[in-house]
Amino acid sequence: MTSWHIASETGRLTDVLVCPPDHYRWIPTNSIVRRTLDGAQQPSSLALKAQHGELVQALEQAGARVHRLQPEPHLPYMVYTRDSTFLTPWGAVLCQLERPQRRGEYAALIDFHAGQFWRKSSAGTLEGGDVHIIRPGLALIGASGGRTDLAGAEQLAGWLRAEGWEVRIESFDEHFLHLDVLFCMAAPGLAVACLDVLDTDLIAWLGAHGIRCLDVPYHDAMRLGCNILALGDGRVISARASTRLNAALRAEGLSVLDPEISLFTAGGGGPHCLTCPLKRDEETP
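## What about the pattern of salt bridges?
Reasoning step 1: Across all of its chains, the model carries 16 salt bridges by this definition.
Reasoning step 2: For Asp-15, the salt bridge goes to Arg-65, with nearest N and O atoms at 2.9 Å. Of this pair, Asp-15 sits in strand 1 (residues 13–18) while Arg-65 sits in strand 2 (residues 65–68), placing them 50 residues apart in sequence.
Reasoning step 3: Asp-15 sits in the buried class, given a relative accessible area of 3%.
Reasoning step 4: Of the charged contacts in the structure, one is a salt bridge between Arg-240 and Glu-54, with a shortest N-O distance of 2.9 Å. One end of the pair, Arg-240, is in the loop between strand 13 (235–237) and helix 7 (243–251); the other, Glu-54, is in helix 2 (residues 45–61), and 186 residues separate them in sequence.
Reasoning step 5: According to the relative accessible area criterion, Arg-240 is partly exposed, its value standing at 37%.
Reasoning step 6: By relative accessible area, which is 27% here, Glu-54 ends up partly exposed.
Reasoning step 7: Members of the salt-bridge network, linked through shared partners, are Arg-12, Asp-233, Arg-235 and Asp-281.

## Focus: the packing of aromatic side chains
Reasoning step 1: Across all of its chains, the model carries eight aromatic pairs by this definition.
Reasoning step 2: A centroid spacing of 5.0 Å and a plane angle of 85° characterise the contact between Tyr-77 and Tyr-80, whose relative ring orientation is edge-to-face. The burial state of Tyr-77 is the same as that of Tyr-80; both residues are buried.
Reasoning step 3: Aromatic rings pair up to connect Tyr-24, Tyr-77, Tyr-80 and Phe-264 into one cluster.
Reasoning step 4: The positively charged end of Arg-119 is found above the aromatic ring belonging to Trp-118, 4.5 Å away from the centroid.

## Details of helix 7
Reasoning step 1: Taken together, the buried positions of helix 7 are occupied by Leu-245, Asn-246 and Leu-249. Here the buried residues of helix 7 occupy an arc of 100° about the axis, which is enough to place them on one side. Away from its buried face, by an angle of more than 90 degrees, helix 7 presents the exposed residues Thr-243, Arg-244 and Ala-251.
Reasoning step 2: Tucked inside the fold, the buried residues of helix 7 contact strand 9 (183–187), strand 10 (190–193), strand 11 (212–215), strand 13 and strand 14 (255–257).
Reasoning step 3: Residue Gly-253 follows helix 7 closely and has a positive phi angle near 95°.

## A closer look at the sheet that holds strand 6 (residues 131–135)
Reasoning step 1: Strand order in the open sheet formed by three strands is 6-7-8, with mixed pairing between adjacent strands. Edge positions in the open sheet fall to strand 6 and strand 8 (166–171), since each of these has one partner strand only. Averaged over all neighbouring strand pairs, the angle between strand axes comes to 20°, with direction disregarded.
Reasoning step 2: Of the strands in this sheet, strand 6, strand 7 (138–143) and strand 8 are in contact with helix 4 (residues 150–162), which crosses strand 8 at around 170°.

Conventions and cut-offs
Residues numbered from 1 in each chain as written. Predicted model: local features only at pLDDT ≥ 70, side-chain atom pairs only at ≥ 80, totals over all residues. Heavy atoms only, no water. Salt bridge = Lys/Arg side-chain N within 4 Å of Asp/Glu carboxyl O. Helix = DSSP H or I, 4+ residues; strand = E, 2+ residues; numbered from the N terminus. Buried < 20%, exposed > 50% of the residue type's maximum accessible area, 1.4 Å probe, protein only. Phe/Tyr/Trp six-rings, centres within 6.5 Å; stacked < 30°, edge-to-face > 60°. Lys NZ or Arg CZ within 6 Å of the ring centre and 35° of its normal. Arc of directions from axis to C-beta. Contact = heavy atoms within 4.5 Å. Pairing = 2+ DSSP bridges. Axes fitted to C-alpha atoms, helices over the stretch in contact; angles between N-to-C directions.

Purely geometric stuff here, so don't read any function into it on its own.
Shown next, in the form of structure tokens:
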């Protein structure tokens, strides 16, 4: 149906969708940004553009073609492109966002994908930050009830299972916004995870599938420490402030690109949230 597709979170990233932060501002839609708004003033547009530019530069340095949405003044959180759509091996899935302040984001994504979607979420709510295409045939879906609810997760799981995939739906507290606040893939067989919070059954399930987890403490996870973007070929993007995790990733032999994006993590989203991978090369066994 489309040239855009991904079969894992860790294949070499060739194309990615972002949205410039022209109209970005902190709005109290999650526990992270509410804490930020208690003690900080809104960031300047120049500072936001500079930080987002560092992220884009890191993506381009990694060889990814960067595609951009046209930002809308009334949709300040369009910058978090992970949530409105995500890609599968069969094309894009159009999500159904939970927060009223973000529901209008669907329009720009319909235009970008020229109306061509593998599936469209229509049961409950489904957001891309809760969806992890771990590798071909294996997926993890978070369902906090706050952003992605059980109905939305089950609908997606049904579509994937019909293709022969194994899918786990993981419940967690909506305090954590999306599952990518607590878990992200870093490389084949390696993830970062907040082991203080995630259920031990999930960690065991991941281990049974050959996936080892680097621990990110709760304090760091709530500052988007788990929220990384795998670039493939042993490279990741991780926020500059995540110094302990970045050292651990480098100790694993990974190259870490670490843009300064603190103004966006303060709003509830890190490198994973700020990017929607459109195409990844298939990994060689």
